[in-house]
Amino acid sequence: MAELATIARPYAEALYKACTGKTGVDLGGASAWVDELAAIAANPQLRQLLDNPKVSAEQLFGLITGVARTALPDMAHNFLRTLLDNGRVQALPEIAAQFRALVNQGNGSSDAVVYSAFPLDANALAELGARLQKRFGRQLNLSVQTDESLIGGVRVVVGDEVLDTSVKARLEQMKAALIA
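Everything numeric in this text was worked out from a predicted model, so none of it was measured.

Chemist: Residue-level account of the sheet that holds strand E4 (residues 161–164), with values.
Modeler: The mixed open sheet is built from four strands, whose spatial order is E2-E1-E3-E4. Each edge of the open sheet carries a strand with a single partner, namely strand E2 (139–146) and E4. On average, adjacent strands in this sheet sit at an angle of 20 degrees to one another, irrespective of strand direction. Of the strands in this sheet, strand E1 (109–116) and E2 are in contact with helix H6 (residues 92–107), which crosses E1 at around 115 degrees.

Below, the structure written as structure tokens:
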């Protein structure tokens, strides 16, 4: 069986080309509905229905669009129907990740996940974001996740780059120095 990333790539590229080729299509809005569809497709109960031969593509379409929190545009409906017709709904989370990477590449930005031991307020996040953008040399789309195991400080993941200033990382460095 083909890798999920291999299956997802042509769909993500086609969607990106369709969004950038049309005037008036908001890439941010398209990213939002692709992410929402991906979250729905990742649901284990929906995955069971996808494998059920008694459930038609039209029933799945109605279920997915009914569960969506926002009204989906026509482009989203067409995209979802294409995925259902080709049996590729299970690839939606990977399609969303690849689509987001194409959008970021197009506007020169990157997704960054900030792991913090404590919730960050808006001012602290804005200040941290400015410093991180200077450090990484590009626009960053920040998202924050709380990880109490860090004890203090932050851990930032931008693609395959990691900046770890957490207390946990410092303790690990001290431990390694003592053992060596």
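Further notes follow.
Chemist: Could you give an account of the side chain of Ser166, with specific residues and numbers?
Modeler: Secondary-structure assignment places Ser166 in the loop between E4 and helix H8 (167–179). With residues near it in sequence (within four places) discarded, Ser166 still touches Leu150, Gly152, Gly153 and Val154.

Chemist: Could you give me a rundown of the pattern of salt bridges, with the residues and numbers involved?
Modeler: Counted under the stated rule, the structure contains six salt bridges. When the shortest N-O distance is used, the salt bridge between Arg100 and Asp35 registers 3.0 Å. Taken together, the residues Arg100 in helix H6 and Asp35 in helix H2 (residues 27–41) connect sequence positions 65 residues apart. For Arg100, a relative accessible area of 29% corresponds to the partly exposed category. Note that Arg81 is salt-bridged to Glu58, the shortest N-O span being 3.0 Å. Here the residue Arg81 occupies a position in helix H5 (residues 74–85), and Glu58 occupies one in helix H4 (residues 57–67), the gap between them amounting to 23 residues.

The rules we used
Residues numbered from 1 in each chain as written. Predicted model: local features only at pLDDT ≥ 70, side-chain atom pairs only at ≥ 80, totals over all residues. Heavy atoms only, no water. Pairing = 2+ DSSP bridges. Helix = DSSP H or I, 4+ residues; strand = E, 2+ residues; numbered from the N terminus. Axes fitted to C-alpha atoms, helices over the stretch in contact; angles between N-to-C directions. Contact = heavy atoms within 4.5 Å. Salt bridge = Lys/Arg side-chain N within 4 Å of Asp/Glu carboxyl O. Buried < 20%, exposed > 50% of the residue type's maximum accessible area, 1.4 Å probe, protein only.

Honestly, that's just the spatial picture; any functional story needs more than this.
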